[in-house]
Each structure stands twice: as structure tokens, then as C-alpha cells.
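An overview of the molecular structure
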Amino acid sequence: MKPTYGRVSRYGIVAFASSLDQLGPFARDARDAAALLHSIAGRDARDSTSAPVPVPDELLSLPASDDEAVAWLRDKRFGLPREYFVAGMDPDVERRIRESVAFLEDAGATVEDVSLPHTDYGLATYYIVAPAEASANLARYDGVRYGRSKRLEGADFIADYLATRGEGFGAEVKRRIMLGTYALSAGYYDAFYVKAQKVRTLIKRDFDQVFASGIDALVAPTSPSVAFRFGSKMSDPVSMYLADACTLPVNMAGLPGVSIPCGLSEGLPVGLQLIGPAWSELMLFRAARAFEGLTAGAPWRDLEPTALAETDDPAGPTPAERAAALAAVAR
């Protein structure tokens, strides 16, 4: 779950892009993720961007029964954005998404084709705004007051500064700092950063207009492909960035979205993305729980990552013991 911008405090994290950074829960299913969001959401005086919006207690009471969860879908209206089926999408990924849409319709929901015309600019806009803000945020990590510090014997502070940032940041971080610094430079600020912010407003307006038309939520692929091997795209970072084409517009608009598995492609999970208007996390979790109910008998639902059991620590506390310890601290 990626909550609405401002739903969860960002206090304590390393700032990357201040207008985009968000925290959200990962969990095995919708009910666990909803309970976790309920615990971490809410206004925090230590983060001025956290919003004083009430957190619904219904997040803790999503239906345990599959039939009850699926019944929620009746008469709901979902939008299927045509722009999210991008060129080069894995055919199996598109097939799984289309099958998921059919499941929703069979359960009584209506799925309508909709258009978000500025989606095509989401990727380019993000990779101007995010590196620009990262460049500004990470400037403080100079080895003087923040982060690690590299000291070279007999060298001046400039050499220490260059060594600190040279060793402390990885290749991708350096790439984004350089892109962001370029976009914020005097000759290009208006041409790149200011224009990107204007396009960002148009992207958000697309979503607002669709939801104002009566659409409850959007349904789309989470990514145009399944997970690629670690390091396989480092020589071509642009192709790696394209994997985010379906999620970046939502982040640019500050809206909530949730990704749930909807099948397999090449033996790897395909993500179904549900997108809602601001502060609609409860509705999205209800939709996600309903989809879990629709696919309860699917064979891929019981699959786990290879060697997952090896990560268990038999000497560590059980989930129940951790919960009891947290409850004791709260008292």
C-alpha cells in the first residue's frame, strides 16, 4: 500500500524527494496491511507534511469471510486507464490484468475504459522532480555534520569532501544527484523543473476528473513486466526506469494505491494495482480484500519465495510474543 501523501509521518527517514516521499505497509494480505497502516498513520507533530485527517478504525475490521468481502464489489465502478497498457508490456502481464478485470465484472462490479491523457508524461516528469529534490536533500551529507566522513591524511577539506561523497553514494544515487543539479541550475530551472511541476498539476487533474465522474477506483497493472534479475539493467538505467511507468503518475499526484498479486508470468507474480482518490485507503483495502476472496482457490495464491523458511529465526520471538511485548510497552 502506498498511502495518500501526508497520511503517514516520514519522521526518521532519510529524505529523498520531499514532495514524493511516502511510507506504506507491506504484508502477506490485505487485512494485515490494513492493520499495519492503522498503526502507523495519523498526524505527527514532528512531520509538518503529515495531515490531521482521521484514520478510520474500520481498517481493523476487514471481512474475514471471502463471501462477505466479495459482496462489497456489487455496483462498484472501476476505471481501466488505457494509457497504462504501455508499448512493450509483457503479454502475460496484460493477460493476467484482463483476467482480473473479468473477475471483478463477474462479481458484480462495473469496469469502464477511462483516459488519463497526461500519463505518458509521468515518467519524464518524475525523473526531473525526484532527482532535483534528491540533489537538494542529499547536499547535507558532506561528512561535516551528516553521514559518514572520509578523512585523507595530509589532504585539505575539499579533498575530504570529495572522497566522502564519492565513496558514500552509489552509482545510481550519484546519477540522480547529477541529473537533479543540472535541472536546478540557473540556465535550466525554468525549462525543466518549473515545467515539470506544471505537468505534474495536469497529471493530478486527470485523476481528479476521473474520480469526479463517479469512478470509485482505477484498476491497472503495477508494472509492465515482472521482476528482473538483480543488476540486469544497470548498464541501461532508462529501461529500469520504464518499469515504474504505471506507478509514477500516482505518486506524482500524491494519491493512494495498493498492489496485490493476480497471477504469474514466467513463474513470477504479476501485480494488480488499485488506485483511489485522496484518503481512500479503506476503500482500496476493501477492494483488495474482495479480490483476494475472488482468487482464494487459485493455485498461485499459496506460492512462497524460494528458501523463505531459511529466513526464520527459531531463537527469535514469535509474532504473538512480539505483539504482547508491544502491548506491554504501550501500557
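The preceding data block contains the structure.
The notes below deal with the structure included here. Everything numeric here is computed off the predicted structure, so don't read it as measured data.

Quick look at the sheet that holds strand S2 (residues 110-114) now. Here we have 5 strands laid out as an open sheet, ordered S2-S1-S3-S5-S4, and mixed in their pairing. Bordering the open sheet on either side are S2 and strand S4 (257-265), each of which pairs with just one other strand. When the angles between neighbouring strand axes are averaged without regard to direction, this sheet yields 30 degrees. When strand S3 (residues 217-221) meets strand S5 (residues 268-275), the two strands line up antiparallel, connected through 4 bridges. Each bridged residue has a counterpart across the sheet, and for leucine 218 the counterpart in S5 is isoleucine 275. The sheet strands contacting helix H3 (residues 91-106) are strand S1 (77-81), S2, S3, S4 and S5, and the helix crosses S4 at an angle near 115 degrees. Of the strands in this sheet, S1, S3, S4 and S5 are in contact with helix H10 (residues 281-294), which crosses S4 at around 20 degrees.

Applying the stated criterion across every chain yields a total of 13 salt bridges. The salt bridge involving arginine 46 is made with aspartate 44; its shortest N-O contact spans 3.3 Å. According to the relative accessible area criterion, aspartate 44 is buried, its value standing at 12%. Arginine 77 is the partner of glutamate 112 in a salt bridge, and the nearest nitrogen-oxygen pair spans 2.8 Å. Taken together, the positions of glutamate 112 in strand S2 and arginine 77 in strand S1 put the pair 35 residues apart, joining distant regions of the chain. Accessibility expressed as a relative area gives 25% for glutamate 112, which makes it partly exposed.

As a rule of thumb, non-glycine residues mostly have phi less than zero, and peptide bonds are mostly trans rather than cis. The phi dihedral of aspartate 75 is positive, around 70 degrees, even though this residue is not glycine. For aspartate 75, the location among the structural elements is in the loop between helix H2 (66-71) and S1. On the basis of relative accessibility, which here comes to 68%, the residue aspartate 75 falls in the exposed class. A positive phi is found at tryptophan 279, a non-glycine position, where the angle reads about 65 degrees. You can call tryptophan 279 partly exposed: its relative accessible area is 34%.

Our focus in this paragraph is the pairing of S4. Where S4 meets S5, 7 bridges bridge the pair, whose relative direction is antiparallel. Bridging from a neighbouring strand, isoleucine 260 pairs with leucine 272 of S5. With antiparallel pairing between neighbouring strands as the criterion, S4 and S5 make up a hairpin whose turn holds 2 residues, including glutamate 266 at a positive phi of roughly 60 degrees.

The tally for this structure, following the rule as stated, stands at 5 aromatic pairs. Here tyrosine 182 and phenylalanine 192 contribute two aromatic rings whose centre-to-centre distance is 6.1 Å and whose plane-to-plane angle is 50 degrees, an arrangement assigned as tilted. Remark: phenylalanine 192 occurs in helix H7 (residues 189-212) and tyrosine 182 occurs in helix H6 (residues 171-184); sequence separation between them is 10 residues. Ring pairing ties together the aromatic residues Tyr182, Tyr188 and Phe192, which thus form one cluster. Above the face of the tryptophan 72 ring, lysine 76 is positioned so that its terminal group lies 4.5 Å from the ring centre. The cationic tip of arginine 98 hangs over the ring face of phenylalanine 85; the distance from NZ or CZ to the ring centre is 4.1 Å.

About the thresholds
Residues numbered from 1 in each chain as written. Predicted model: local features only at pLDDT ≥ 70, side-chain atom pairs only at ≥ 80, totals over all residues. Heavy atoms only, no water. Pairing = 2+ DSSP bridges. Helix = DSSP H or I, 4+ residues; strand = E, 2+ residues; numbered from the N terminus. Axes fitted to C-alpha atoms, helices over the stretch in contact; angles between N-to-C directions. Contact = heavy atoms within 4.5 Å. Salt bridge = Lys/Arg side-chain N within 4 Å of Asp/Glu carboxyl O. Buried < 20%, exposed > 50% of the residue type's maximum accessible area, 1.4 Å probe, protein only. Phe/Tyr/Trp six-rings, centres within 6.5 Å; stacked < 30°, edge-to-face > 60°. Lys NZ or Arg CZ within 6 Å of the ring centre and 35° of its normal.

None of the figures reported here should be taken as evidence of function without further support.
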